[in-house]
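# Architecture and fold: a report
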Amino acid sequence: MLRIFNTLSRKVEEFKPLDYPKVKMYSCGPTVYDYAHIGNFRTFVTVDFLRRYLKWKKYEVLSVMNITDIDDKTIKKSNEEGVSLKDVTLKYENAFFEDLETLNCVRSDIHPRATEHIEEMIELCKDLEKKGLTYISQGSLYYRISNFEKYGILSKIDKEGILEGARIDSDEYEKESARDFVLWKGKKEGEPYWSSPWGDGRPGWHLECSAMSKKYLGEVFDIHTGGVDLIFPHHENEIAQSCGATGLEPVKYWFHIEHLLVNGEKMSKSKGNFFTLRDLLQKGFDPMAIRFLLLSVPYRKRLNFTLEGIDSAKSSIKRIESFKIRIEDEKEKYQNIESQSNLEELKNHKKRFEESLEDDLNTAEALGGIFEYIREANSLMDKGEFSKEGVNLSFELLSEFEEIFGISISRRESLEKEVERKILEREEARKKKDFALADKIRNELKEKGVILEDTPKGVRWRKE
Ligand code: AMP
Ligand code: ZN
């Protein structure tokens, strides 16, 4: 039975979807004004992990992740660069999907764009207006939070200090400046606009997630995800909007991912302490090692990012990979051996992997289970004390790991592809008499433990 932490109750709860085995899940997606940094990807990779895990548990998941293509940041970028909002947002939306793929994240079932749901947002505002939860001031429509009884239910904000009638126009702000927030912003010079019952303007940021989750998942759904920085104000305001309009609390489980830090501080664009995925790939890091690193610390703990961390994630993957290769190479040997010692111990390590994930996705413990398993299995194989059942159990565990963590470890094939590509590159260089480049490629491969031999039948390669 899966247990997950629910920010709403601040407790680890048994996961019971509203309509078993269906699970409806909404994830706040990227604001497409720039390349996402790997702090953002800690959140998105974890969302992917949660979906993979739920699917592995045989839930039928319907997932929606929005694309924020209009807000203060996207407009600012489009004005700074003198490019249309659509050109800016489409460029970074494409980059986002490319990066997701590089990190082996599966796309959500639906990725709605905010600008394509203006009508739904206007309808929602009309509902809120009917309930007496809005007012107009200087051409913009605001949410009157003092009229919504449950304001603060998620972030546990103390409503006492909030000034009645004080307003805030910006999309992002801290708990300390909690105010009536803007639903529909009156038209401003240099900003795109749509017409509405309250005049020309554009939606505030929070509105889109309430409108789009309702459209695609209904008034009440199972899981809503985001980084912890979204608890306030974004998700608090989402509840105010959705529940304000329907009277129903929209989300059963609020799932928030802790931050990726750099030297103890949140990785963020504004602090300038960030790496994009592309920066890291350019430095030669393997995306699967980055994925492994992002998942290696349980999602509710902060994770301090270092480049060394990626190297050690890479070694961890290698350990799993070597084990898989060994099992593949030696499996025939054990085909006729029916029993072995310590099988129970191996089963216990595998159980630790599975049970730790049920315990609020404790990935660190789960990986501990895998490495203990590998250590034990290797030592048994060293002694020749292995069996057919041991082989099958090992393959089962490896495929569970690959499926749930989304990390493929059949790397021999990819090494082959890489070597073949390099050999072709070297032949081209030799044809052009660029022997310096040809030698450089040969040396690069040698460093990877691959030896090239020029034979009359062409180039052959072998592992050192
Ligand atoms: P944004 O594109 O700024 O709307 O952010 C996309 C997602 O990344 C949101 O769910 C944020 O909460 C999350 N996020 C932003 N910074 C970090 C960080 N340093 N670590 C983890 N998640 C983050
Ligand atoms: Zn959102």
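Please refer to the structure placed before this passage.
Summary of the structure given here. (Residues numbered from 1 in each chain as written. Chains lettered and ligands numbered in written order. Predicted model: local features only at pLDDT ≥ 70, side-chain atom pairs only at ≥ 80, totals over all residues. Heavy atoms only, no water.)

This part takes up the overall build of the protein. The number of helices and strands found in the protein is 14 helices and 16 strands. With respect to the principal axes defined by its C-alpha atoms, the protein has extents near 80 × 60 × 35 Å. Relative to its full complement of 464 residues, the protein shows a buried share of 52%. In the protein, of all internal contacts separated by at least 6 residues, the share reaching a separation of at least 24 is 74%. Accessible area of the protein: about 21700 Å², with a carbon and sulfur share of 47%. With 77 positive and 86 negative side-chain charges, the protein shows a separation of 2 Å between the mean positions of the two kinds. (Helix = DSSP H or I, 4+ residues; strand = E, 2+ residues; numbered from the N terminus. Buried < 20%, exposed > 50% of the residue type's maximum accessible area, 1.4 Å probe, protein only. Contact = heavy atoms within 4.5 Å. Areas by Shrake-Rupley, 256 points an atom, 1.4 Å probe, with all protein chains shown as cover. Lys, Arg positive; Asp, Glu negative; His and termini not counted. Charge placed at Lys NZ, Arg CZ, Asp CG, Glu CD.)

We now examine helix α14 (residues 435-447). End to end, α14 covers 18 Å across 13 residues, agreeing with the expected 18 Å (1.5 Å per residue, within 8%). Those residues of α14 that fall on the buried side of the exposure criterion are Ala438, Ile441 and Leu445. All buried residues of α14 project into a common sector of 60° when viewed along the axis, lining one side. Facing away from the buried side of α14 by over 90 degrees, the exposed positions are Ala436 and Glu447. The positive-phi residue at the C-terminal boundary of α14 is Gly449, with phi of around 85°. (Expected span 1.5 Å × (residues − 1). Arc of directions from axis to C-beta.)

To continue, consider helix α5 (residues 205-217). Taking 1.5 Å as the rise per residue, α5 with 13 residues should run 18 Å; its terminal C-alpha atoms sit 19 Å apart, in good agreement. Of all the residues in α5, the buried ones are Trp205, His206, Leu207, Glu208, Cys209, Ser210, Ala211, Met212, Ser213 and Leu217.

The next point concerns the coordination of the zinc ion (ligand 2). When four donors bind a metal tetrahedrally, each ideal donor-metal-donor angle is 109.5 degrees, and when six bind octahedrally, the ideal angles are 90 or 180 degrees. Here the zinc ion (ligand 2) is held by the protein donor atoms Cys28 (SG), Cys209 (SG) and His234 (NE2), which lie 2.1 to 2.2 Å from it. Read from N- to C-terminus, the donor residues coordinating the zinc ion (ligand 2) fall into the pattern C-x180-C-x24-H. Here Cys209, found in helix α5, pairs with His234, found in helix α6 (residues 231-246); they are 25 residues apart in sequence, far enough to count as distant. For the pair shown, Cys209 and His234 are each scored as buried. (Donors = N, O, S within 2.8 Å, 3.2 Å for Na, K, Ca; no water.)

This paragraph deals with the environment of Asp109. Mapped onto the elements of the fold, Asp109 is located in the loop between α3 (85-102) and α4 (118-130). Taking the relative accessible area as the measure of exposure, Asp109 reaches 42% and is therefore partly exposed. Along the sequence, Asp109 and Met65 sit 44 residues apart, while their C-alpha atoms lie 8.1 Å from each other. Excluding residues within four positions of it along the chain, Asp109 makes contact with Arg51, Val61, Leu62 and Ser63. At 2.8 Å, the side chain of Asp109 and the backbone nitrogen of Ser63 are in polar contact. (Polar contact = N/O pair within 3.5 Å; in protein donor to acceptor, adjacent residues only side chain to side chain.)

Our next topic: the sheet that holds strand β14 (residues 303-304). With respect to topology, three strands assemble into an open sheet ordered β13-β12-β14, the strand pairing being mixed. The open sheet is flanked by β13 (265-266) and β14, the only strands paired with a single partner. Note: strand β12 (residues 260-262) against β13, two bridges, orientation antiparallel. Of the residues in β13, the one forming a bridge with Val262 is Glu265. (Pairing = 2+ DSSP bridges.)

What follows deals with the nonpolar core. Of all hydrophobic cores here, the largest spans 79 residues; its most connected members are Leu54 and Phe401. Both domains that meet at this core, namely domain 1 (19-271) and domain 2 (311-405), each give it at least three residues. Setting aside chain neighbours within four positions, we find Leu54 in contact with Leu2, Phe15, Val23, Met25, Tyr59, Val61 and Ile223. Leu85, Leu141, Phe148 and Leu230 belong to the second-largest nonpolar core, a separate cluster that totals 46 residues. (Core = buried A, V, L, I, M, F, W, Y, C linked by side-chain atoms within 4.5 Å. Domains from an automatic or database assignment.)

Another aspect to go through is the site of ligand 1. Around ligand 1, the structure places 18 residues, and the nearest of them are Gly39, Thr43, Asp229, Leu260 and Met267. At a separation of 3.0 Å, an oxygen atom of ligand 1 approaches a polar backbone atom of Gly227. Note that a nitrogen atom of ligand 1 is positioned 2.9 Å from one of the backbone N or O atoms of Met267. Within the complex, the protein chains bury 92% of what would otherwise be the 490 Å² of accessible surface of ligand 1. Those elements that provide at least two residues to the shell around ligand 1 are α1 (38-56) and β10 (221-227). (Near = heavy atom within 4 Å.)

Here the focus is the pattern of salt bridges. Tallied over the entire structure, the rule returns 43 salt bridges. Glu80 serves as the salt-bridge partner of Lys76, at 3.4 Å between the closest nitrogen and oxygen. Residue Lys76 and its partner Glu80 are both found in helix α2 (residues 72-81); the two are separated by four residues, about one turn of the helix. A relative accessible area of 55% means that Glu80 is categorised as exposed. Note that Lys150 is salt-bridged to Glu249, the shortest N-O span being 3.2 Å. Taken together, the residues Lys150 in the loop between β6 (140-143) and β7 (167-168) and Glu249 in the loop between α6 and β11 (251-257) connect sequence positions 99 residues apart. A residue is classified by how much of its surface remains accessible, and Lys150, at 32% relative accessible area, is partly exposed. (Salt bridge = Lys/Arg side-chain N within 4 Å of Asp/Glu carboxyl O.)

In this section: the packing of α1 against helix α8 (residues 287-296). Two numbers describe how α1 lies on α8: the axes approach to 9 Å, and their chain directions differ by 80°. By the angle class used here, α1 and α8 are roughly perpendicular. Contacts between α1 and α8 involve Ile38, Phe41, Arg42, Val45, Thr46, Asp48, Phe49 and Arg52 on the former and, on the latter, Arg291, Leu294 and Leu295. Grouping the amino acids of the contact of α1 with α8 by side-chain chemistry returns six nonpolar, one polar and four charged. (Axes fitted to C-alpha atoms, helices over the stretch in contact; angles between N-to-C directions. Parallel < 35°, antiparallel > 145°, perpendicular 65-115°, else oblique. Nonpolar A, V, L, I, M, F, W, Y, C, P; charged D, E, K, R; others polar.)

All right, on to the packing of aromatic side chains then. For the structure on display, the rule yields 22 aromatic pairs. Both rings, one in Phe15 and one in Tyr253, keep their centres 5.0 Å apart while their planes meet at 50°; by these two values the pair is tilted. Placement of the pair is Phe15 in the loop between β2 (11-14) and β3 (22-27) and Tyr253 in strand β11, with a sequence separation of 238 residues. Given the relative accessible area of 1%, Phe15 is considered buried. Their ring planes at 75° and their centres at 6.1 Å tell us that Phe323 and Tyr373 sit as a pair that is edge-to-face. One end of the pair, Phe323, is in helix α9 (residues 307-330); the other, Tyr373, is in helix α11 (residues 363-382), and 50 residues separate them in sequence. (Phe/Tyr/Trp six-rings, centres within 6.5 Å; stacked < 30°, edge-to-face > 60°.)

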